[in-house]
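Tertiary structure, described
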Amino acid sequence: MNDNTPSPFKLNPKGPATLPTNVWAIGGGKGGIGKSFISSSLAICLTKMGKSVTLIDLDLGSANLHTVLGVKIPPQTLSDFISGRAQSLNQVSAPTEIPGLQFISGFNDALNIADIDRDNKARLIHGIRQIQTPYVILDLGAGTSENTLDFFLSADQKVVAVTPEPTSIENAYRFMKSSFYRKLRLAESELGLQSLIESAMDSRNQLGIRSPADLVRYVSQHNPEAGQRFQERIGDFQLQLLLNQVRTRQDIELGHSMKSVCRKYFGIDANYLGYIDHDNAVWQSLRKRRPLVIEYPYSSIVGQFLQITKNLLNPQALRAVI
Amino acid sequence: MFGSKDGMNYYEVLEVPHDAPQHEIHKAYQRAKATYAQDNPALYSMFTREEARDLMKLVDEAYAVLGNHGLRRNYDETLLKAGLRNMNPVAVAAPSHDSRYAPEMQHDSLPDFVVPDPSIPGSFDEAPDYSAPVQTLHVPSPIPPPNAVANPYSQPAPKPAVQVAAPPAPAMDPLHASATGVRESILVTNSEFTVRKRETATPLPADTGRCPLGTYKIDLAMEQDIATATEFDGLFLQKIRLYKQVSLEKLSVSSRIGKTYLIALESNDFKNLPATVFLRGFLVQMAKQLGLDETKVVTSYMSLAKAGLPSKYGP
């Protein structure tokens, strides 16, 4: 039967409309802090809980999520969608050996995929929402390029991965700042605060605005109505902090400290999702090219991933406990 | 001055809800203390040292009020009366607070430097603006000048200890010798060196006394008072502390007793003191840090506290 012929009598074989897609993005600024590892592990944990998930490698230009997952490169990849050869992302998503897990590879022959234009980016972000599985996980690339930030901001759950090294912490804050100002820029025409945001982004501005928290306060003081709208806009900018490669007790406390710094600096509430221990099993499983959650299902680190997945599934529960 | 402090009330400083119970406020305080400690990597690239220090002062200030039932109630009333919950905390500083402690409550009036914490290695040697202690360290003479002692914030005479602790370095050119001398004297601020220094104490000038937290000018009448005293009440302990040039912050850091409790202890405010068993520990700590006879201090103060307390606090 040809699915393309519209028939008024045909019912949708897939049943009624599904719930809106829940998109999680894993970012963090610095390379090598385990973004691909975290996104693949979270995806597999979700499938273990009986959810179906699509994992998208959005590290455009240096995609290697297929290696972390230990799967073959699917016949169709993101570049097919971007070049227009595939109409929807559902066509390029390939099933994997792990039940319930679909995978869209960013592996490509077109070397210029890293610089996709604005229209294609919008098409991609729109396409992600049309994916059939209820959960979609985006594995973002390193750096704070506009594309990465836009993918990050389009997600429902924005996870910032960080390791307890100063370089990673610095880049994570840089990533948060960049995405915060990116968000303000996208909303600025609506708020009518272009010039103010422009000057606030210059760190040596005359107004004494040093941080986003200052900016919010400045706007609220001078125009309470605009301040109200402003706070509504940034209200949904909720970050989820995930600490990776934790070795000591102090490292665990770092998450709480970063949460407090976010509060004082951005004036936003970040959630401390949890931490993942530093574990030799990680590189061992990577060398075997088998996902850790499958290879060592009873390791403590998988328990931590399961807990983090639960926290992400039900953020209200996290807030109630802490 | 850190811009965004204006407009934060004490609850926002400690990041607790307005109806948070005391134990949560205490927990939040400890967490905030750890967060804004000088060497916390989480501050890196977000807050400068000065900003972190200002935030730390603000945190201390907030806890001094919110950590005390009476002060917190007054503060809440002030907030309510003002009708808005986000106003400048300094303007609403604890109305009923004892005037002796007022300078510590309002951090704006504090001198622009902090007491370097000897328990944190390295917290001191990178600090750019601890002008007072650094000057002391650069003094080439092995005996600290008496005027250095007058500053309660300066580190306890590091130079003599170096001469004992450091390996002998004969036949060095003067330039080299002074350079290493400075480096080692900075090392002395680490706690392990401080301990060693205490063991191998070298003679001080005749008019200078030593207690575990520093040196002070000896006043014979006061020494006589301390030696003959049998009643150690809060006011007398405070007098001794001031005489021995020990600041409240310094005592709080080294004895690990919260400033609120120290203030209550010194003002004989028995209601706000912890349970008897903790109080005893606090007194022992305080006596040790001030170089007093523990038994005398504890027995006399405990009997005072028991007499001054309602029966439910008693044994």
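Residues numbered from 1 in each chain as written. Chains lettered and ligands numbered in written order. Predicted model: local features only at pLDDT ≥ 70, side-chain atom pairs only at ≥ 80, totals over all residues. Heavy atoms only, no water.

For chain B, the count of helices and strands is 16 helices and two strands. By the burial criterion, 43% of the 315 residues in chain B qualify as buried. Residue pairs at least 24 apart in sequence account for 60% of intrachain contacts in chain B once pairs closer than 6 positions are excluded. In the structure as shown, chain B presents an accessible area of about 15,800 Å², 58% of it carried by carbon and sulfur atoms. (Helix = DSSP H or I, 4+ residues; strand = E, 2+ residues; numbered from the N terminus. Buried < 20%, exposed > 50% of the residue type's maximum accessible area, 1.4 Å probe, protein only. Contact = heavy atoms within 4.5 Å. Areas by Shrake-Rupley, 256 points an atom, 1.4 Å probe, with all protein chains shown as cover.)

Here we come to the environment of Arg247 of chain A. Residues and elements named next belong to chain A. Within the secondary structure, Arg247 is located in the loop between β7 (239-246) and α11 (249-266). C-alpha of Arg247 to C-alpha of His278: the two residues are 31 residues apart in sequence and 5.7 Å apart in space. Not counting the four nearest positions on each side in its chain, Arg247 is found in contact with Glu165 and His278. Engagement of the side chain of Arg247 in a polar contact is seen with the side chain of His278, the distance being 2.9 Å. (Polar contact = N/O pair within 3.5 Å; in protein donor to acceptor, adjacent residues only side chain to side chain.)

Before going further, it helps to examine the packing of aromatic side chains. Applying the stated rule across the entire model yields 16 aromatic pairs over all chains. Where Tyr11 of chain B meets Tyr75 of chain B, the ring centres are 6.3 Å apart and the plane angle is 40 degrees; that geometry is what we call tilted. Of this pair, Tyr11 of chain B sits in helix α1 (residues 10-14) while Tyr75 of chain B sits in helix α4 (residues 69-82); the two residues are 64 residues apart in sequence, bridging distant segments of the chain. Tyr75 of chain B matches Tyr11 of chain B in its accessibility class, with the two residues each being buried. With a centroid separation of 3.9 Å and 10 degrees between ring planes, the pair formed by Tyr29 of chain B and Tyr63 of chain B is classed as stacked. Taken together, the residues Tyr29 of chain B in helix α2 (residues 22-35) and Tyr63 of chain B in helix α3 (residues 49-66) connect sequence positions 34 residues apart. Taking the relative accessible area as the measure of exposure, Tyr63 of chain B reaches 13% and is therefore buried. Cation over ring: Arg123 of chain A sits above Phe81 of chain A, and NZ or CZ is 4.2 Å from the ring centre. (Phe/Tyr/Trp six-rings, centres within 6.5 Å; stacked < 30°, edge-to-face > 60°. Lys NZ or Arg CZ within 6 Å of the ring centre and 35° of its normal.)

As a rule of thumb, soluble globular proteins bury nonpolar side chains together. Leu58 and Leu215 of chain A are the most contacted members of the largest nonpolar core, which totals 86 residues. When residues of this core are assigned to their parent elements, the largest contribution, nine residues, is made by α3 of chain B. With sequence-adjacent residues up to four places away left out, Leu215 of chain A is seen in contact with Tyr181, Leu184, Leu196, Ile197, Ala200, Ile209 and Phe230 of chain A. (Core = buried A, V, L, I, M, F, W, Y, C linked by side-chain atoms within 4.5 Å.)

Time to look at the pattern of salt bridges. All names here are of chain A. Within the structure shown, the criterion is met by 13 salt bridges over all chains. Salt-bridge contacts for Lys121 lead to Asp150; the nearest nitrogen and oxygen are separated by 2.8 Å. Within this pair, whereas Lys121 is found in helix α5 (residues 118-129), its partner Asp150 is found in helix α6 (residues 146-154), the two being separated by 29 residues in sequence. A residue is classified by how much of its surface remains accessible, and Lys121, at 7% relative accessible area, is buried. (Salt bridge = Lys/Arg side-chain N within 4 Å of Asp/Glu carboxyl O.)

Turning next to the interface of chain B and chain A. Each partner contributes to the interface: chain B provides 21 residues, whereas chain A provides 19 residues. Summing both partners gives a buried area of about 1,800 Å² for chain B against chain A, and 59% of it is carried by carbon and sulfur. At the surface where chain B touches chain A, the tally comes to two salt bridges. Glu253 of chain A is the partner of Arg31 of chain B in a salt bridge, and the nearest nitrogen-oxygen pair spans 3.9 Å. Counting across the chain B and chain A interface gives eight residue pairs in polar contact (both at pLDDT 80 or more). (Buried area = accessible area lost by both parts, 1.4 Å probe.)

Taking burial as the measure, the nine residues of α6 of chain A include eight buried ones, the bulk of the element. Regarding α6 of chain A, the residues found buried are Asn147, Thr148, Leu149, Asp150, Phe151, Phe152, Leu153 and Ser154 of chain A.

Moving on, we get to the pairing of strand β1 (residues 22-27) of chain A. Strand residues, when the strand is regular, have side chains that alternate between the two faces of the sheet. Residues and elements named next belong to chain A. Across the six residues of β1, five count as buried, placing the element largely inside the fold. Sheet topology places β1 next to strand β6 (residues 157-162); four bridges connect them, and they run parallel. Pairing of Ala25 across the sheet is with Lys158, part of β6. (Pairing = 2+ DSSP bridges.)

As a further point, take unusual backbone geometry. Residues and elements named next belong to chain B. In this structure, Glu15 takes a positive phi of about 55 degrees despite not being glycine. Of note, Glu15 is situated in the loop between α1 and α2. At Gln245, a position not held by glycine, the phi torsion is positive, near 60 degrees. By the element assignment, Gln245 lies in the loop between α12 (234-243) and α13 (248-255).

Residues and elements named next belong to chain A. If you walk across this open sheet you meet the eight strands as β3-β4-β2-β5-β1-β6-β7-β8, and the pairing is mixed. Of all the strands in the sheet, just β3 (94-95) and β8 (270-277) have a single pairing partner and so form its edges. Its contacts with the sheet put α5 on β1, β2 (53-58) and β5 (135-140), and the angle it makes with β2 is roughly 165 degrees. (Axes fitted to C-alpha atoms, helices over the stretch in contact; angles between N-to-C directions.)

All names here are of chain B. With respect to the helices, strands and loops of the structure, Asn68 is situated in the loop between α3 and α4. A distance of 3.3 Å separates a polar atom in the side chain of Asn68 from the backbone nitrogen of Leu71. In contact with Asn68, not counting residues within four places along its chain, are Tyr63, Thr260 and Asn272.

Residues and elements named next belong to chain A. Counting through the fold element by element, Gln304 comes out in helix α14 (residues 300-313). Exposure remark for Gln304: the relative accessible area of 15% places this residue in the buried category. The spacing of Gln304 and Asp277 is 27 residues in sequence and 8.2 Å in space, taken between C-alpha atoms. The residues touching Gln304, leaving out its near neighbours within four places in the chain, are Tyr275, Ile276 and Asp277.

This brings us to the confidence of the model for chain B. Residues and elements named next belong to chain B. On average, residues of chain B carry a pLDDT of 68, and 57% of them reach 70 or more. When the elements of chain B are averaged for pLDDT, helix α5 (residues 102-105) gives the smallest value, 38, and α2 the largest, 92. Throughout residues 1-5 the model reports pLDDT below 50, and contacts reaching past four residues in sequence, or to other chains, amount to 17 contacts. Confidence over residues 120-201 falls short of pLDDT 50; this stretch has 81 contacts with residues more than four positions distant or in other chains. Complex prediction metrics read pTM 0.60 and ipTM 0.75. (pLDDT = per-residue confidence, 0-100.)

This paragraph deals with helix α10 (residues 224-235) of chain A. All names here are of chain A. End to end, α10 covers 16 Å across twelve residues, agreeing with the expected 16 Å (1.5 Å per residue, within 8%). Among the residues of α10, those classed as buried are Ala226, Gly227, Phe230 and Ile234. Projected onto a plane normal to the axis of α10, the buried residues spread over an arc of 100 degrees and lie on a single side. What points out from α10, more than 90 degrees from its buried face, is the exposed set Pro224, Glu225 and Glu232. (Expected span 1.5 Å × (residues − 1). Arc of directions from axis to C-beta.)

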